[in-house]
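Overview (structure and organization)
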Amino acid sequence: MHQEGSVQFLRYHQGGSVRGVAFNPKDRYLFCSCAYDGKVNLYSAQRFELLMSYQITTMSLARNVNAVRFTSDGTRILATTTARRLAVIDIEHGEQLISYDNCKCAGIGEASRQDME
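All of the points below concern the structure found in this document. Keep in mind it's a predicted model, so treat the numbers as computed, not measured.

What counts as what
- Residues numbered from 1 in each chain as written.
- Predicted model: local features only at pLDDT ≥ 70, side-chain atom pairs only at ≥ 80, totals over all residues.
- Heavy atoms only, no water.
- Helix = DSSP H or I, 4+ residues; strand = E, 2+ residues; numbered from the N terminus.
- Buried < 20%, exposed > 50% of the residue type's maximum accessible area, 1.4 Å probe, protein only.
- Lys, Arg positive; Asp, Glu negative; His and termini not counted.
- Salt bridge = Lys/Arg side-chain N within 4 Å of Asp/Glu carboxyl O.
- Pairing = 2+ DSSP bridges.
- Axes fitted to C-alpha atoms, helices over the stretch in contact; angles between N-to-C directions.

Relative to the helices and strands, Asp37 is located in the loop between strand 2 (30-35) and strand 3 (39-44). This buried residue, Asp37, is left without a salt bridge; Lys39 holds the nearest opposite charge, at 5.1 Å.

Encoded structure:
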């Protein structure tokens, strides 16, 4: 076990920077990250290890994952890509349940044109 306050680097994303991190609302030791390598990784902060890695599949080469969030019950991860795909990942079974293509939403702090009119 590491001493309190020591830094541990988890270097599991290849080729591209980490774009998002989310913590599980039901288990304070689980967190996930996403990156431009097209992967969503699930980690244990308690054991400092990678638990699972999910490759987000898309129809095009634009597979960069740019945001992740856990669902409120902590059993699934929502991941969005630059190709406007929203993927739903089941963390217990380690599989992508469903995906939605051509999704679009205003980013944090941004309002759509319709909201401004």
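Moving on: the pairing of strand 3. Among the 6 residues of strand 3, 5 are classified as buried, and the element is accordingly described as predominantly covered. Pairing analysis gives 5 bridges linking strand 2 to strand 3, with the strands arranged antiparallel. Bridge assignment links Phe31 to a residue of strand 3, and that residue is Tyr43. The hairpin turn running from strand 2 into strand 3, its antiparallel successor, is 3 residues long, and Gly38 in that turn takes a positive phi close to 85°.

Examined against the element boundaries, Arg11 turns out to sit in the segment before strand 1 (18-23). We classify Arg11 as exposed; its relative accessible area is 68%.

Once that is clear, we can look at the sheet that holds strand 3. The sheet built from 4 strands is open, its strands ordered 1-2-3-4 with antiparallel pairing. Every interior strand has two partners, whereas the edge strands, strand 1 and strand 4 (49-55), have only one. Across this sheet, the average inter-strand angle for adjacent strands is 20°, counted without regard to direction. Where strand 3 meets strand 4, 6 bridges bridge the pair, whose relative direction is antiparallel. The residue bridging Tyr43 from the neighbouring strand is Leu50, located in strand 4.

Here we have 4 strands laid out as an open sheet, ordered 5-6-7-8, and antiparallel in their pairing. Two strands bound the open sheet, and with one partner strand each, they are strand 5 (65-70) and strand 8 (95-100). The average angle at which neighbouring strand axes cross in this sheet is 25°, direction not considered. Here 5 bridges tie strand 7 (residues 86-90) to strand 8, and the two strands are oriented antiparallel to one another. If you follow Val88 over to strand 8, its bridge partner there is Ile98.

Per the stated rule, a full pass over the model turns up 2 salt bridges. Between Arg47 and Glu49 there is a salt bridge, with its nearest N and O atoms 2.6 Å apart. A relative accessible area of 52% means that Arg47 is categorised as exposed. Between Asp101 and Arg85 there is a salt bridge; the shortest N-O distance is 2.6 Å. You can see Asp101 sitting in the loop between strand 8 and helix 1 (113-116) and its partner Arg85 sitting in the loop between strand 6 (76-81) and strand 7, a full 16 residues away along the chain.

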